[in-house]
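# Fold and geometry: a report
Residues per chain, in single letters:
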Amino acid sequence: MTVQAKPSSWNLPNVLTALRVLLVPLFAWMLLAHPHEQDWRYWTTLVFIVAILTDFADGKIARKYGLVTDFGKLWDPLADKALTGMAFIGLSILGELQWWVTIIILVREWGITLLRWWLARGGYVLAANKGGKAKTATQAFALVLYLSWLPHQPTGIVWIAWVLMTAAFILTVVTGFDYVRSTWKMRRQGAEQ
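Heads up: these notes are all about the structure in this document. (Residues numbered from 1 in each chain as written. Predicted model: local features only at pLDDT ≥ 70, side-chain atom pairs only at ≥ 80, totals over all residues. Heavy atoms only, no water.)

### Side note on the overall build of the protein chain
Operational definition: Think of it this way: any DSSP run of H or I at least four residues long counts as a helix, any run of E at least two long counts as a strand, and we number them from the N terminus. With a 1.4 Å probe rolled over the protein chains alone, any residue whose accessible area is under 20% of its type maximum counts as buried; one over 50% counts as exposed, and the rest are partly exposed. Any two residues whose heavy atoms approach within 4.5 Å at even a single point are treated as in contact. Here the accessible surface of atoms and residues is derived via Shrake-Rupley with a 1.4 Å probe, and residues count as covered only by protein chains that are part of the display. Counted as positive: Lys and Arg. Counted as negative: Asp and Glu, with His and the chain ends omitted from the count. A charge is said to be at NZ when it belongs to Lys, at CZ for Arg, at CG for Asp and at CD for Glu.
Along the backbone of the protein chain there are 6 helices and 0 strands. When the helices and strands of the protein chain are listed from N to C terminus, the series reads α-α-α-α-α-α. Seen through its C-alpha atoms, the protein chain measures out along the principal axes to roughly 65 × 40 × 20 Å. The buried share of the protein chain, taken over its 193 residues, is 42%. Looking at the protein chain alone, contacts between residues at least 24 apart form 77% of all its contacts between residues at least 6 apart. Of the accessible surface of the protein chain, which amounts to about 11,300 Å², a share of 70% is contributed by carbon and sulfur atoms. Positive and negative side-chain charges in the protein chain, numbering 18 and 11 respectively, have mean positions lying 11 Å apart.

This is the structure in structure tokens:
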């Protein structure tokens, strides 16, 4: 019987995750230091897009080429939450997104992350489902629109951004309840065995 070697932590998916972590403070500075200059908002949005694309790429590459590591399992979700969390908080600091929206989204995001870690300690896996993936994509598109425009931009862009953010908020809350329900069901079935 052969034992398969664990992949090295020095691989492309982990480099992409580390890059995302490093882009968070740059993104935060660009957003908060120059919030009312349209050119800066475009550059800030570009940094966010590059960072969020690393999120979509690193997991796919890791799974496809068998490069899943403990580093990636820990840091990938932390990097994701740091990036989107900074975007939500930054927009609320600037008065462009209501604080209650940011708080509810962040409580759900960090709550589900902690729930996953707690389940993993018991040997359970709470995998991302289609709703969770749709939530992530909708949040990303909504944040890109919110980050790229200033409040005085054309009404159509503002309206589309608001509709997407509303959809992202609803998906975030609904999928959060769905994950909690799945966890309760999983733990109950485990207790019955």
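Next comes the rest of the write-up.
### Brief notes about the environment of W29
Assignment of secondary structure puts W29 in helix α1 (residues 12-33). Residues W29 and G90, spaced 61 residues apart in sequence, show a C-alpha to C-alpha distance of 9.6 Å.

### Some details on the environment of A87
Structurally, A87 is set in helix α3 (residues 70-93). For A87 and A28, which are 59 residues apart along the polypeptide, the C-alpha to C-alpha distance reads 7.6 Å. Ignoring anything within four residues of it in the chain, the contact list for A87 reads F27, F48 and L143.

### Some details on the packing of α3 against helix α5 (residues 130-148)
Going by this rule: Axis definition: a line fitted to C-alpha atoms, over the contacting stretch in the case of helices. Angles run 0 to 180 degrees between N-to-C directions. Here roughly perpendicular refers to angles of 65 to 115 degrees, roughly parallel to angles under 35, roughly antiparallel to angles over 145, and oblique to all remaining angles. With the far helix as reference, a near helix turned anticlockwise by less than a right angle produces a left-handed crossing, and one turned clockwise produces a right-handed crossing.
The contact between α3 and α5 brings their axes to 11 Å, and the two run at 40°. Put simply, α3 runs oblique to α5. Every pair of crossing elements has a handedness; the one defined by α3 and α5 is left-handed. Listed contacts from α5 to T84, A87, F88 and L91 of α3 are Q139, L143, Y146 and L147.

### Quick word on a nonpolar patch on the surface
So the rule is basically this: Each patch is built from salt-bridge-free residues with over 30% relative accessible area, joining like charges within 9 Å and nonpolar side chains (Val, Leu, Ile, Met, Phe, Trp, Tyr) within 5 Å. The salt bridge criterion pairs a side-chain nitrogen of Lys or Arg with a carboxyl oxygen of Asp or Glu, the two atoms within 4 Å.
There is a patch of nonpolar side chains on the surface, built from V21, F71, L74, W75, L114 and W117 and spanning about 500 Å² of accessible area. Put simply, the parts of the chain that give the nonpolar patch at least two residues each are α3 and α4 (99-121). In terms of residue count, the dominant contributor to the nonpolar patch is α3 (3 residues). Its place among the elements puts V21 in helix α1.

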